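Examination of the molecular architecture
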Amino acid sequence: LIVFLVMALFGSLQIGLLDPICIMYRTVATAFSPSIDLAVEEVGRSLEMRGLPSTWVRGLSFSPGAKEMRIFTGAWFIGAVILTLVGMNVVIPRFFCRVLCPLGALLGFFSRFSLWRIDRDLTRCTDCNLCLTHCEGAADPQGALRKSECFVCFNCIDDCPEEALSYRFMPRSNLQPIDGKLFGRPVISQVGEVERRGPDISRRRVLLASVVGILGYPFLRLSAAVNDRNFHEKTIRPPGSVEESEFLERCIKCDQCINVCPTNVLQPATLAEGGIEALWTPVMRMSIGFCQLNCTLCSEVCPTGAIQKISIEKKLGVGPFADTGPISVGTAFINRSRCLPWSMETPCVVCEEVCPVSPKA
Ligand code: SF4
Ligand code: SF4
Ligand code: SF4
Ligand code: SF4
């Protein structure tokens, strides 16, 4: 969390790489839903071959009515990341939440000020340790409760045979027994209640994380792929996008824009196109799809303003926007060594026929 926060201070928003909400949106958009669609398509086709109705199966598709399967560059990698994170739970319970999640770390920091927490009654607890058995956060409810790691799952309360645990407002965690008694009852537990108020972070670790964050920013920004002098030629942003440096500061790689794009032209950027800083940000890949003239969906769903909300009129440069002209994301060029009339003197007008703007570009 500290690494990400320090980098954000310099203007590099990398929190989306590990933010659970971004991971969820990104995985559903580029890996999960296309996989479901592929399975639905295969089952539907198989039913049709057997003369059975397939409409109900096709209704389960994430992109009903689409003529072609949606494809996404690097979807396997995004899928592999989520599978790895889920698989690590077998090795370390709640691995992502406890080790990686920057949101969890932030909430853990503020949880030190929470007024409610798990409270252990020392006059009932027999130190049997059964409450540790199913503790989701390894928060040690039997001894020095780690508030920042407690998920408030209440498993410990269910597991305690002595009903010594409860969830209380302003718990009596810091009360010290007097003459071996609390509230007039003898203390049974031999493990004193010492509440750990915050995450166990030493000053040295904070310093190390800050240095990594400070060094991480120039390492990322000096990448030839994303610095202002050398943007990758394939890093074409959706219409309405802000200037590239600001785009990288705003985009949280949630890929909601990619999910709503009806033509599949929006793709997650690869490492080769933009390095880590632009990884999984949306780029337009014209070899896969095209930008529909009467569509502004990506600009409507972007939560950060990396793609500014635009109207159809503004996109096309008509009506009140006639003076400013249409939004241009790039200009098509003719490769004369491959164009039939130029290279082989063969008549061809396909580009002129499909060009949708008037007058023909
Ligand atoms: S509420 Fe859940 S996470 Fe918190 S101490 Fe109890 S078992 Fe552990
Ligand atoms: S709180 Fe309950 S379950 Fe946990 S050690 Fe004490 S008696 Fe056992
Ligand atoms: S405007 Fe529509 S078609 Fe064009 S990139 Fe955005 S979502 Fe896709
Ligand atoms: S441009 Fe907006 S919607 Fe698209 S990934 Fe970035 S933040 Fe998400």
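Calculation notes
Residues numbered from 1 in each chain as written. Chains lettered and ligands numbered in written order. Predicted model: local features only at pLDDT ≥ 70, side-chain atom pairs only at ≥ 80, totals over all residues. Heavy atoms only, no water. Near = heavy atom within 4 Å. Nonpolar A, V, L, I, M, F, W, Y, C, P; charged D, E, K, R; others polar. Helix = DSSP H or I, 4+ residues; strand = E, 2+ residues; numbered from the N terminus. Buried < 20%, exposed > 50% of the residue type's maximum accessible area, 1.4 Å probe, protein only. Lys, Arg positive; Asp, Glu negative; His and termini not counted. Salt bridge = Lys/Arg side-chain N within 4 Å of Asp/Glu carboxyl O. Polar contact = N/O pair within 3.5 Å; in protein donor to acceptor, adjacent residues only side chain to side chain. Contact = heavy atoms within 4.5 Å. Axes fitted to C-alpha atoms, helices over the stretch in contact; angles between N-to-C directions. Parallel < 35°, antiparallel > 145°, perpendicular 65-115°, else oblique. Left-handed = near helix turned anticlockwise from the far one by under 90°. Expected span 1.5 Å × (residues − 1). Arc of directions from axis to C-beta.

Around ligand 1, 13 residues are found, and the nearest of them are Cys135, Cys150, Cys153, Phe154 and Cys156. For the shell around ligand 1, the per-class residue count stands at 11 nonpolar, 2 polar and no charged.

For the rest of this paragraph, the subject is the site of ligand 4. Around ligand 4, the surrounding shell holds 13 residues, and the nearest of these are Cys251, Cys254, Asp255, Cys257 and Cys302. In terms of residue class, the shell around ligand 4 is built from 10 nonpolar, 1 polar and 2 charged.

So, about the side chain of lysine 315. By secondary structure assignment, the location of lysine 315 is in helix H13 (residues 312–316). Glutamate 300 provides the closest opposite charge to the buried, salt-bridge-free lysine 315, at an N-O distance of 9.6 Å. Of the polar contacts made by the side chain of lysine 315, one reaches the backbone oxygen of cysteine 295; its length is 2.7 Å. When residues no more than four places from it in sequence are discounted, the contact partners of lysine 315 are Pro239, Cys291, Gln292, Leu293, Cys295, Thr296, Ile310, Pro326 and Ile327.

This paragraph deals with the packing of helix H2 (residues 20–49) against helix H4 (residues 75–91). Interaxial distance between H2 and H4 falls to 9 Å at its minimum, and their mutual angle equals 135 degrees. Looking at the two axes, H2 sits oblique to H4. Of the two possible hands of crossing, H2 and H4 adopt the one that is left-handed. On H4, the residues touching Ile23, Arg26, Thr27, Thr30 and Ala31 of H2 are Ala75, Ile78, Gly79, Ile82 and Leu85.

A positive phi angle, near 60 degrees, is found at aspartate 127, a position not held by glycine. Along the chain, the position of aspartate 127 falls in the loop between strand E1 (116–120) and helix H7 (155–159).

Turning our attention to H4. Two residues of an α-helix separated by three or four positions point the same way, owing to the 3.6 residues in each turn. In this model, H4 (17 residues) spans 25 Å end to end at C-alpha, consistent with the 24 Å of a helix rising 1.5 Å per residue. Among all positions of H4, only Ala75, Ile78, Gly79 and Leu85 are buried. Projected down its long axis, H4 shows its buried positions confined to an angular sector of 125 degrees, all on one face. Away from the buried face of H4 by more than 90 degrees, exposed residues Trp76, Leu83, Val90 and Val91 are located. Taken together, the buried residues of H4 touch H2, helix H5 (95–100) and strand E5 (266–268).

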